[in-house]
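# Tertiary structure, described
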Protein chains: 2
Amino acid sequence: MLTKSPHLFDEATRVSAGDSRWVGRTSPDYWAFVGPFGGATAATILRALIDHPQRAGDPLALTVNFCAVIAEGAFDLDVRLVKANRSTQHWCVEMTQGNDDVVTLATAVFAERRPSWSHQQAQFPQATPFEQIIPYSKVTMTWTKQYDFRFVEGEPKFGGATAAEPQDAFTKWWIGDKVPRKIDMLSLMSMSDAFFGRVFHARQELVPFGTVSLTTYFHTAAEELAAEDISRVLATADAKIFHRSYGDQSGELWSPGGRLLATTQQIAYFKA
Amino acid sequence: MLTKSPHLFDEATRVSAGDSRWVGRTSPDYWAFVGPFGGATAATILRALIDHPQRAGDPLALTVNFCAVIAEGAFDLDVRLVKANRSTQHWCVEMTQGNDDVVTLATAVFAERRPSWSHQQAQFPQATPFEQIIPYSKVTMTWTKQYDFRFVEGEPKFGGATAAEPQDAFTKWWIGDKVPRKIDMLSLMSMSDAFFGRVFHARQELVPFGTVSLTTYFHTAAEELAAEDISRVLATADAKIFHRSYGDQSGELWSPGGRLLATTQQIAYFKA
């Protein structure tokens, strides 16, 4: 471990075990526009699953549907193993607050990552080394302060004039925890929602925005990831379309050594 | 409508309404290796949601997790509206067979597609016209016979020697129903799983394969799609990585006129 426990991220995504009912609290340290940073919420759900006594195998896919604004304070996680086979598990998680109101709905697949033929078709994105880039600090929600973002390409220019023509939504950047923390599955889950809204880049302005559905696929076994022993990833994100109040995002998270660790996609609401 | 009802696809994805419990049957006409074609299963789930009396808005995102082999015959769909806001609905659907054994778990988001700023960043893939390409007929499961596939790029060469080096997994093709049927949201859902396994392309051979989790985002309102009045789409699919028994796929479905209608991604098991 690079830091003493507990890291702020581990505090923020802490959950207390139940049988099917787990409990947690939102963290003021990972706060976004009007609620918790979605990546922290997703990582909290993943933590409950990884820590679950019935869990077998490694995270393969996690989909998180953000149903409603999550209020500051306590929440319950209703964790249910829907189906287990010899090598895969299918989970469903409902995050509720107050009067059993569902605020987040998630499904997850865990799998035994058995050895197989391996082929990485995607090309590692070339990038200026992390150390040679100045950290980005122009957006200051509390959650962005917990990360060390270093733009390789596509640094947004907010605060000036709105772009007359749509700008390229592509971003390439390094991302690590501000207080270094070894990258694990929870990091990958959280970082896969740590891109700024693509619509901000395309329009060069901040507009009302919220992720609606997020899916991340993990392309590494947990022990392979641990063996990488890294504290940051090189990440890319792009968008294909913004239309009728919704836009997409797809992204990749790479180890500095050139392994594709996770891919992610989301659809998000925007008002513009 | 291009054909008289009922089209075989509508027969195959038919469901009978219940309150929270809907019923359906697998179709021998859309059969894959060891169970129903996943696209037909996904479209059946989407149909139950679209036809649901409480449904409001258009499909925005559908995630389908294939938990177990679906047996030939009857199934139940347990359809639950988890959360509804002013402009979005969050659904959860469990497909069960026999003794309430969950075979498929799905979540869906429906949304009012309000007018907004619109920008299509992705480029329409150039393609030889549909009419100038010979239909592909070399893979003959019953479901593939229901579609008219015309390869623009990446036609697979199965049946010869396994590729010594990994081949490009990219595919571009036209896809329509063999008996023409106007493209609707159900078509897009089904066609988003109608690509052959990327691993087949990369290895140039058929290997044991199964989609584990599939997510499709819809980038068109239903009435816009109806106004397109088309019976086929231009589709692309690619993969980034095959590792430890799982590989990804991402795809795009385009109208012939150049509008991006849907994007899709999946993670699939393979044995190789």
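This structure is a prediction, so every number in the text was calculated from the model and none was measured. (Residues numbered from 1 in each chain as written. Chains lettered and ligands numbered in written order. Predicted model: local features only at pLDDT ≥ 70, side-chain atom pairs only at ≥ 80, totals over all residues. Heavy atoms only, no water.)

## A word on the overall build of chain A
Let me state the cut-off plainly: Each helix is a run of H or I in the DSSP string that is no shorter than four residues. Each strand is a run of E no shorter than two, and both are numbered from the N terminus. For this measure, only C-alpha atoms enter the radius of gyration; the expected value for a globule follows 2.2 Å times N^0.38, where N is the number of residues. The rule is simple: take the accessible area with a 1.4 Å probe, protein chains only, and divide by the maximum for that residue type; under 20% is buried, over 50% is exposed, in between is partly exposed. Whether two residues are in contact is decided by their heavy atoms: any pair within 4.5 Å suffices. Note that accessible areas follow from Shrake-Rupley with a 1.4 Å probe, and for residues the cover is restricted to the protein chains shown.
In terms of regular secondary structure, chain A is built from six helices and 14 strands. The globule rule puts the C-alpha radius of gyration for 272 residues at 19 Å, and the 18 Å found for chain A is close to it. Taking the principal axes of its C-alpha atoms as reference, chain A extends roughly 55 × 45 × 35 Å. Every one of the 272 residues in chain A was classed for burial, and the buried ones make up 61%. Summarising the internal contacts of chain A: among those between residues at least 6 apart in sequence, 71% fall at separations of at least 24. Carbon and sulfur atoms make up 49% of the accessible area of chain A, which amounts to about 10,400 Å² in all.

## Observations concerning the relation of the copies chain B and chain A
Which entries qualify depends on this criterion: A least-squares superposition brings the copies together, and it is based on the C-alpha atoms of residues with pLDDT no lower than 70 in both.
The transform that puts chain B on chain A rotates by 180° and translates by 0.0 Å along the axis, for an RMSD of 0.0 Å. Look at the turn and shift together and you get a two-fold axis relating the two. Taken as a fraction of all interface residues of chain B, those also at the interface in chain A reach 99%, which identifies the copy contact as same-surface.

## Describing the packing of aromatic side chains
Rules: A pair of Phe, Tyr and Trp rings is counted when the ring centres sit within 6.5 Å of each other, with Trp represented by its six-membered ring. The angle between the planes then sorts it: under 30 degrees is stacked, over 60 is edge-to-face, the rest tilted. The criterion is that NZ of a Lys, or CZ of an Arg, lies within 6 Å of the ring centre and within 35 degrees of the ring normal, and then a charge sits over that ring.
Following the criterion strictly, the structure yields 48 aromatic pairs over all chains and no others. Ring centres 5.6 Å apart and planes at 75° place the aromatic pair F149 of chain A and F196 of chain A in the edge-to-face group. Of this pair, F149 of chain A sits in strand β8 (residues 147-153) while F196 of chain A sits in the loop between α4 (185-191) and α5 (198-203), and the two are 47 residues apart along the sequence. Of the two residues examined, F149 of chain A and F196 of chain A, each falls in the buried class. Clustering of aromatic rings is evident, with ring pairs tying together F9, Y30, F37, Y136, W143, Y147, F149, F151, W173, F195 and F196 of chain A. Here R203 of chain A stacks its cationic end above the ring of W117 of chain B, 5.0 Å away from the centre of that ring. Sitting above the plane of the F130 of chain A ring, R232 of chain A keeps its charged end 3.8 Å from the centroid.

## Some remarks on the interface of chain B and chain A
Using the following cut-off: Note on definitions: buried area is the accessible-area loss of two parts on being combined, 1.4 Å probe, summed for both. By convention in these notes, a salt bridge is any Lys or Arg side-chain nitrogen within 4 Å of a carboxyl oxygen on Asp or Glu.
Facing 71 residues of chain B, the contacting portion of chain A comprises 70 residues. Between chain B and chain A, the buried area comes to about 5,900 Å², and carbon and sulfur atoms account for 55% of it. Counting across the interface, chain B meets chain A through ten salt bridges. A salt bridge links D101 of chain A to K83 of chain B; its shortest N-O distance comes to 2.8 Å.

## So, the environment of R114 of chain B
Along the chain, R114 of chain B falls in the loop between β6 (101-111) and β7 (119-120). A sequence separation of 96 residues divides R114 of chain B from G210 of chain B, and the C-alpha atoms of the two residues are 37 Å apart. Those residues in contact with R114 of chain B that lie beyond four places of it in its chain are R244 and S245 of chain A together with R86 and S87 of chain B.

## Structural notes on the environment of I70 of chain A
All names here are of chain A. Counting through the fold element by element, I70 comes out in the loop between β3 (58-66) and β4 (74-84). A sequence separation of 34 residues divides I70 from T104, and the C-alpha atoms of the two residues are 8.1 Å apart. With near-sequence residues (within four places) excluded, I70 lies in contact with T26, W31, V34, G35, P36, T41, M95, Q97, V103 and T104.

## Focus: the pairing of strand β14 (residues 260-270) of chain A
Residues and elements named next belong to chain A. Threshold: Only strands joined by at least two bridges in the DSSP assignment are considered to pair.
Most of β14 sits out of view: ten of its eleven residues are buried. Where strand β10 (residues 209-218) and β14 come together, nine bridges link them in antiparallel fashion. Within β14, the residue paired with T211 across the bridge is A268. As defined by bridge partners, strand β13 (residues 246-254) adjoins β14 across nine bridges and the pair is classed as antiparallel.

## Here's the deal with the side chain of T263 of chain B
Convention followed: What qualifies as a polar contact is a pair of N or O atoms within 3.5 Å, subject to a donor-acceptor requirement within protein and to the restriction that residues adjacent in sequence count only when both atoms come from side chains.
Relative to the assigned elements, T263 of chain B resides in strand β14 (residues 260-270). Since its relative accessible area comes to 4%, T263 of chain B is described here as buried. Here H219 of chain B takes part through its side chain, which lies 2.8 Å from a polar atom of the side chain of T263 of chain B. Sequence-distant contacts of T263 of chain B, that is, excluding residues within four places in its chain, are made with K240 of chain A together with T215, T216, Y217, H219, G251 and E252 of chain B.

## Side note on the pattern of salt bridges
Residue and element names in this part refer to chain A. For the structure on display, the rule yields 36 salt bridges over all chains. Here E131 makes a salt bridge to R232, at a shortest N to O gap of 2.8 Å. Of this pair, E131 sits in the loop between β7 (119-120) and α3 (142-145) while R232 sits in strand β11 (residues 232-238), and the two are 101 residues apart along the sequence. Classification of E131 by relative accessible area gives exposed; the value is 57%. Counted as one network, the salt bridges with shared partners bring together D10, R47, R181 and D184.

## Some thoughts on unusual backbone geometry
Comment: phi is negative for the bulk of residues other than glycine, and the bulk of peptide bonds are trans. With a phi angle near 50°, D229 of chain A is a residue other than glycine that sits in the positive phi range. With respect to the element layout, D229 of chain A can be found in the loop between α6 (222-228) and β11. At Q204 of chain B, a position not held by glycine, the phi torsion is positive, near 60°. If you trace the backbone, Q204 of chain B turns up in the loop between α5 (198-203) and β10 (209-218). Judged by relative accessible area, Q204 of chain B falls into the buried class, the value being 19%.

## What about the confidence of the model for chain A?
Quick note on the threshold: On a range of 0 to 100, pLDDT expresses the predictor's confidence in each residue.
Mean pLDDT for chain A: 94, with 98% of residues reaching 70 or above. Scoring the predicted complex yields pTM 0.96 and, for the interface, ipTM 0.96.

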